[in-house]
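# An overview of the molecular structure
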Amino acid sequence: MQDFRTAVSEAVRDEAALRGALAEADIAPMLMVLVQLTGDLDFLEKVAPHIHGAWSFLQSVPEPLKQEVRHRLIAALQDHAANDRPPPPQPPADVLQRMMGAGVGQTVPEEYIPLLLEEMRFGEEDTRAVRWHRDPAKLPLQGFKVIVIGAGFGGLCAAIRLKQLSIPFEVLEKNADVGGTWLENGYPGCAVDTPNHFYSYSFHVNNRWTRHFSRRDEILGYINDVTETHGLRPHIRFGAEATGAAFDEKAGKWRVTWRDREGRTEEAQCNALISAVGQLNRPSVPRIRGLDDFEGPLFHTARWDGGVDLKGKRVAMIGTGASAMQAGPSIAPDVAHLRVFQRTPHWAMNNPNYHRAVSAGNAWALERIPYFSNWLRFQLFWASSDGFHASLHADPSWSSPDISLNEANHKMRELIVDYVRGELDGDERLLAKVIPGYPPYGKRMLRDNHWYRMLKRGNIALETDPISHITADSIVMKDGTVHPADVIILATGFQASRMLWPLDIRGRDGHTIRGDWGDDDPRGYLGIAVPHYPNLFLIYGPNTNLAHGGSIIFHTECQVRYIAQALREMVERGYATMEVRQDVHDLYNHRLDEKAQGMVWAHPGVTSWYKNDRNRITVTSPWRLLDYWAMTRHFVPDEFRVANRPGQAPKVPGQRAEAVASADSLPVS
Ligand code: NAP
C-alpha cells in the first residue's frame with residue numbers, strides 16, 4: 001500500500017469507481033475503516049447490533065445502513081483528500097477493542113489486542129521482526145552460520161529473518177524449487193482451506209489474491225514472489241536432500257549431511273540448525289496386500305502423476321481426508337467412474353466463500369482503501385482462530401459422549417448433519433454412511449468441496465466396507481466383492497507422527513531423535529527445542545499443528561520469532577551452545593498432555609494422524625493461538641543451559657536458575 005495521503009487521493013480520484021467498489025466490498029472492514037478515519041463511535045454503535053458473526057459476508061446489516069456506511073466512508077475519504085489530512089493515529093486499545101467487537105459481533109477480550117495489532121500491522125513496521133540489542137557491526141557474525149532444512153513456508157520465513165539480521169545462512173532444499181508441500185501437491189483441485197488473506201505472511205501481505213481460498217498455483221506464485229522479493233534464491237541449495245545431522249561436542253557445531261542431485265553425499269558445519277521439513281511431506285502408503293501387484297497406474301495424491309489421463313478411466317480412490325475432498329470432486333466429471341474407498345468418514349463444513357473469487361469491489365478496496373486490508377485480516381483471523389476452542393473440551397456430564405462433547409459441539413454436529421442432508425437431497429442411506437460416529441473436530445475439519453454433491457453423481461460409488469487386497473486390475477473387498485479399476489489413487493495422507501523422519505539426527509551423549517522419540521512420540525519444548533540437541537530448533541515441530549482453527553503461517557511466524565531471539569542471545573552473549581533444560585521441557589509436556597487429554601482429538605472414537613497408538617496427541621497443539629503466541633513471544637534465556645565454549649559444562653544463565661520453570665511460568669488456558 002502506498003503512503004496514506006497518496007492512497008486516499010487515489011481512492012477518491014474516480015468517485016464512480018469508488019462507489020462501485022464500495023457497493024460490493026465487505027461491510028465490516030469498511031465500517032472499521034470509517035470509524036478509524038472519523039473516530040465516530042456513535043455510528044459504530046448504531047451498526048454494531050446488526051453484525052452477528054466474524055464472516056463479513058454472513059452479516060445481516062440492513063441495506064439502508066450499509067448505504068450509510070458507504071456514503072459516510074466516501075465523505076470521510078474525500079474530506080481527508082481535500083484537506084490533505086495525515087493518517088489518523090492508531091486508535092487506543094479500548095477503542096480498538098470496541099471496534100473489533102463490533103466488527104465480529106462478539107466480545108474480543110482485551111488479552112487479544114496486542115496479538116491482533118501485531119497481526120494487522122497498521123504501520124510500516126514489521127511487527128514480528130527481531131532486532132539486535134547490540135550494534136551488529138561489532139558482533140562476530142561472520143564466524144557464525146545457520147543451516148535451515150526446507151524451503152517451504154517455514155524455512156523461507158526463517159531465511160527472511162536470518163537475512164534481516166545479517167546472520168550467514170544456507171537453506172538445503174530437496175526439491176528443485178521453493179514451496180515445500182505446495183510444490184509437491186499438484187493434484188487437481190489442490191487449494192488452501194484457510195482464507196488466504198490470513199494464510200499468508202503478516203510481513204508480506206498480498207492484496208491480489210483472486211480467490212478467498214486460493215488454488216495451489218496461486219499460492220506457489222505467492223511463495224515465489226516472497227522468495228524473489230527477499231532475495232532468498234542465492235541462499236538456497238536446491239536438489240540437496242538432508243539425510244542427517246550430528247552434533248559435534250568438541251566443535252560445538254552441527255555436521256549436516258545431504259545428498260545432492262547426483263546422489264553424492266556432502267557435508268557442512270553450522271553453529272545452529274533449523275529444521276523446517278514440515279509434517280506433511282512423507283506420503284503414507286497403506287499396507288494393503290497386493291498393492292504392488294496392481295498393473296495400472298497407482299500414485300499418491302502428493303505424487304500426482306499428471307502424465308496419466310484419467311478421462312474415461314475407472315478410477316479407485318482410497319481415503320477421504322482433506323486431499324481426497326479436493327481431488328475427488330475435481331476429477332469426477334472427467335472419469336468414466338470413480339469409486340471412493342472410505343475407511344472412516346470425516347466431518348466437512350460449508351463455507352460460502354470457499355468457491356468464490358474475490359469480488360472486484362473487495363479487490364479494489366484491498367488495494368486502494370487505507371486499512372481495509374488490515375481490517376479484513378482481523379476479520380478472518382477472528383473467524384478462523386480461537387472461536388471454537390472452548391467447545392472442543394469434553395463436558396464430563398454430557399449425555400452422548402460418543403458422538404459429541406458438549407452442547408455447543410452437539411449443536412455444531414446437528415448443523416453439519418442438516419447441511420449434508422441437504423447436499424445429499426435427503427438421501428438418508430448415504431447420509432448414514434458419511435456422517436462420522438465421533439464428535440465434530442475429532443479429525444481435521446474439512447471444507448466441503450462439493451464432496452456430497454459428488455457422491456450423488458451417477459458415475460460415483462462410495463464403498464465403506466473394508467478392503468481385503470488388491471490384484472493386478474481390481475480392489476477386492478473383505479466380503480469378496482471385486483471392483484475392477486484402471487487407476488488407483490492413494491489419498492492416504494502422510495507420516496506426520498514420525499516427525500523428522502527419515503533424517504538421522506544425533507545430539508549430545510549418544511542421543512538420537514529416533515531413540516528419544518521412537519516412531520511416533522515426538523516431544524519438544526514449545527515444539528521448538530529438544531533437550532540433548534543443543535542449537536537445534538524446529539519449525540512445525542511436535543504439537544504445533546493447528547486443528548481448531550488458525551493459520552499455520554501464524555504459528556510459523558511465532559516459532560521463527562522465538563528462534564531468531566534465541567540466535568540473538570547466542571550471538572550477542574557469545575554462547576557456543578544453548579540447550580533447553582530437561583525440567584522445563586518435561587513440565588511443558590506434562591502440561592500439554594494434561595491439556596490435550598480433555599480435548600476432542602483425544603476422543604476414544606477417533607483415529608487420526610494427530611495422535612499415536614497410545615492416544616497421545618503428538619502433532620496437534622492443544623493451546624489457543626493466544627496461548628502459543630504468548631509462550632513464544634519472548635525467548636526466556638533461563639529456560640536454557642548455555643556454554644561459552646564447546647565442551648564446557650553448560651549452565652543456566654542468571655541467578656534464578658532453579659526457579660524458572662515454576663508452575664506459574666507456563667500459561668494455562
Ligand atoms: P489424511 O487426512 O490423513 O487422510 C487420509 C485418508 O486415507 C483417511 O481417510 C484415512 O482413513 C485413509 N486411509 C489411510 N490409510 C488407509 C488404509 N490403509 N486403508 C484405507 N484408508 C486409509 O490425509 P490427507 O487427506 O492427505 O490430509 C493430510 C493433511 O494435509 C490434512 O489433515 C491437512 O492438514 C493437510 N491438507 C490440507 C489441505 C488444505 O489446506 N486444503 C489439503 C490437503 C491436505 P482414516 O480416516 O480411517 O484413517
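Please read these numbers as outputs of a predicted model, since none were measured by experiment. (Residues numbered from 1 in each chain as written. Predicted model: local features only at pLDDT ≥ 70, side-chain atom pairs only at ≥ 80, totals over all residues. Heavy atoms only, no water.)

## A few points about the site of the ligand
The criterion, for reference: For this description, a residue counts as near a given molecule or strand if any of its non-hydrogen atoms is within 4 Å of it. Pairing of N or O atoms within 3.5 Å defines a polar contact, subject to two protein rules: one partner must be a possible hydrogen donor and the other a possible acceptor, and residues neighboring in sequence count only if both atoms are side-chain atoms. Method for areas: the Shrake-Rupley scheme with a 1.4 Å probe, in which residue coverage is limited to the protein chains shown. Three categories are distinguished: nonpolar for Ala, Val, Leu, Ile, Met, Phe, Trp, Tyr, Cys and Pro, charged for Asp, Glu, Lys and Arg, and polar for the others, with Gly belonging to the last. The source of the domain bounds is an automatic or database domain assignment.
Taken together, 23 residues form the shell around the ligand, and within it Ala322, Ser323, Thr344, Lys443 and Arg444 come nearest. In the environment of the ligand, an oxygen atom lies 3.2 Å from a nitrogen or oxygen atom belonging to the side chain of His346. Contact between the ligand and Arg444: an oxygen atom at 3.0 Å from a side-chain N or O atom of the residue. Here the ligand has 900 Å² of accessible area as a free molecule, and 86% of this is covered by the chains. Of the residues contributing to the shell around the ligand, the split by class is 10 nonpolar, nine polar and four charged. Residues from two domains meet in the shell around the ligand; each of domain 2 (142-282 + 496-665) and domain 3 (291-347 + 403-436 + 440-490) gives at least three.

## Side note on the pairing of strand S4 (residues 241-248)
To keep it simple, the criterion reads: Relative accessible area decides the class of each residue, using a 1.4 Å probe on protein chains only: under 20% of the type maximum gives buried, over 50% gives exposed, and in between gives partly exposed. Per the convention used, a helix needs a DSSP run of H or I reaching at least four residues, while a strand needs a run of E reaching at least two, with both numbered from the N terminus. Strands pair, by our definition, only if DSSP identifies at least two bridges between them.
The buried fraction of S4 is high, at six of eight residues. Pairing of S4 with strand S5 (residues 253-259), which is carried by seven bridges, proceeds in the antiparallel orientation. Paired with Asp248 across the two strands is Lys253, which belongs to S5. Between the antiparallel neighbours S4 and S5 lie four residues, among them Gly252 with a positive phi of about 65°. As paired strands, S4 and strand S18 (residues 504-506) are joined by three bridges and run parallel to one another. Within S18, the position partnered with Gly244 by the bridge is Asp504.

## A closer look at the pattern of salt bridges
Just so we agree on the cut-off: By salt bridge we mean one thing: a side-chain nitrogen of Lys or Arg within 4 Å of a carboxyl oxygen of Asp or Glu.
Scanning the entire structure with this criterion turns up 51 salt bridges. The partner of Arg128 in a salt bridge is Glu118, with the nearest N and O atoms 2.4 Å apart. Taken as a pair, Arg128 in the loop between helix H7 (113-120) and strand S1 (146-149) and Glu118 in helix H7 lie far apart in primary sequence, 10 residues in all. The exposure class of Arg128 is buried, given its relative accessible area of 1%. Since its relative accessible area comes to 7%, Glu118 is described here as buried. With a shortest N-O distance of 3.2 Å, Arg216 and Asp217 are connected by a salt bridge. Asp217 sits in the exposed class, given a relative accessible area of 56%. Several salt bridges share partner residues, and in doing so they unite Glu118, Glu119, Arg128, Arg377, Glu557 and Arg561 into one network.

## Regarding the side chain of Thr301
The condition that has to hold: Contacts between residues were defined by any pair of non-hydrogen atoms, one from each residue, lying within 4.5 Å.
The topology assignment puts Thr301 in the loop between strand S8 (298-300) and strand S9 (314-318). If we ignore the near neighbours within four places in the chain, the residues touching Thr301 are Asn185, Tyr187, Ser323, Ile489, Leu490 and Ala491.

## A short note on the domain arrangement of the chain
Here is the rule: Take the accessible area each of two parts loses on contact, using a 1.4 Å probe, and add the two losses: that sum is the buried area.
With domains assigned, the chain is organised as domain 1 (4-128 + 361-386), domain 2 (142-282 + 496-665) and domain 3 (291-347 + 403-436 + 440-490). Put simply, the middle of domain 2 and the middle of domain 3, counted by C-alpha atoms, are 33 Å apart. Taken together, the 21 residues of domain 2 in the interface contact 17 residues of domain 3. The largest share of the area that domain 2 buries against domain 3 comes from Tyr187, Pro188 and Asp193, three residues that together contribute 36% of it. At the junction of domain 2 and domain 3, the tally comes to two salt bridges. Connecting domain 2 to domain 3 are seven residue pairs in polar contact (both at pLDDT 80 or more). By residue class, the composition of the side of domain 2 that touches domain 3 is 11 nonpolar, eight polar and two charged.

## Here we look at the packing of aromatic side chains
The cut-off we apply is this: Two aromatic rings from Phe, Tyr or Trp, using only the six-membered ring of Trp, form a pair when their centres are within 6.5 Å; if the ring planes differ by under 30 degrees the pair is stacked, by over 60 it is edge-to-face, and anything between is tilted. Whether a charge sits over a ring comes down to the Lys NZ or Arg CZ being within 6 Å of the ring centre and within 35 degrees of the ring normal.
Summed over all chains, the structure comprises 23 aromatic pairs. Note on Phe198 and Phe381: the rings are 5.1 Å apart at their centroids and 65° apart in plane angle, and the pair reads as edge-to-face. Here Phe381 lies in helix H13 (residues 372-383) and Phe198 lies in the loop between helix H9 (181-184) and helix H10 (216-229), a separation of 183 residues in the sequence. Grouping residues by exposure puts Phe198 and Phe381 together as buried. Taking 5.3 Å as the distance between ring centres and 85° as the angle between the ring planes, the aromatic pair formed by Tyr525 and Tyr588 counts as edge-to-face. In this pair, Tyr525 is assigned in the loop between helix H17 (513-517) and strand S19 (536-538) and Tyr588 in helix H19 (residues 582-597), connecting sequence segments 63 residues apart. The same class applies to Tyr525 as to Tyr588, namely buried. One aromatic cluster is present, built from ring pairs that chain together Phe153, Trp182, Tyr199, Tyr201, Phe203, Trp209 and Tyr222. Here Arg161 stacks its cationic end above the ring of Phe203, 4.4 Å away from the centre of that ring.

## Examining helix H18 (residues 552-573)
What counts, and what does not: To estimate how far a helix should reach, multiply one less than its number of residues by 1.5 Å.
Taking 1.5 Å as the rise per residue, H18 with 22 residues should run 32 Å; its terminal C-alpha atoms sit 31 Å apart, in good agreement. Buried residues dominate H18, accounting for 20 of its 22 residues. Within two residues after H18, Gly574 carries a phi angle of roughly 70°, on the positive side.

## A short note on the nonpolar core
Short version of the rule: Buried residues of nine kinds, namely Ala, Val, Leu, Ile, Met, Phe, Trp, Tyr and Cys, make up a nonpolar core once their side-chain atoms join them within 4.5 Å.
One finds Leu116, Val146, Ile274, Leu338, Trp375 and Leu567 to be the most contacted residues of the largest nonpolar core, which totals 186 residues. In terms of residue count, H18 provides more of this core than any other element does, 11 residues in total. Not counting residues up to four positions away in its chain, the partners in contact with Ile274 are Val146, Ile147, Val148, Ile149, Ala158, Leu162, Phe537, Ile539, Ile563 and Leu567.

## Here's the deal with the sheet that holds S8
In plain terms, the rule: Here the axes come from fitting lines to C-alpha atoms, over the contacting stretch only for helices, and the angles between their N-to-C directions go from 0 to 180 degrees.
Pairing within the open sheet is parallel, and its five strands lie in the order S8-S17-S9-S10-S13. Only two strands of the sheet have a single neighbouring strand rather than two, namely S8 and strand S13 (460-463). Adjacent strand axes in the sheet meet at a mean angle of 20° when their direction is disregarded. The pairing of S9 with strand S17 (residues 487-490) spans four bridges and is parallel. Residue pairing across strands places Met317 opposite Ile489, the latter belonging to S17. On top of the sheet, helix H11 (residues 322-331) reaches S9, strand S10 (337-341) and S17; it is set at about 170° to S9, its chief contact.

## Looking at the environment of Asn271
Looking at where Asn271 falls in the secondary structure, it is placed in the loop between strand S6 (265-270) and strand S7 (272-275). Assessed through its relative accessible area of 13%, Asn271 is described here as buried.

## Let's talk about the environment of Lys174
Among the structural elements, Lys174 can be located in the loop between strand S2 (169-173) and H9. Lys174 gets classed as partly exposed once you look at its relative accessible area, which sits at 25%. Residues Lys174 and Thr464, 290 residues apart in the sequence, show an inter-C-alpha distance of 37 Å. Residues contacting Lys174, with those up to four places away along its chain left out, are Glu184, Gly239, Ala240, Glu241, Asn281 and Arg282.

## So, the packing of helix H6 (residues 93-104) against H13
Applied cut-off: Crossing handedness is defined as follows: a turn of the near helix away from the far one that is anticlockwise and smaller than a right angle gives a left-handed crossing, while the clockwise case is right-handed.
One can describe the packing of H6 onto H13 by two numbers: an axis separation of 10 Å at closest approach and a directional angle of 65°. In this structure, H6 crosses over H13, and the sense of that crossing is right-handed. In this structure, H6 contributes Leu96, Met99, Met100, Gly103 and Val104 to the contact, and H13 contributes Trp375, Phe378, Gln379 and Trp382. In the contact of H6 with H13, the residues fall into seven nonpolar, two polar and no charged.

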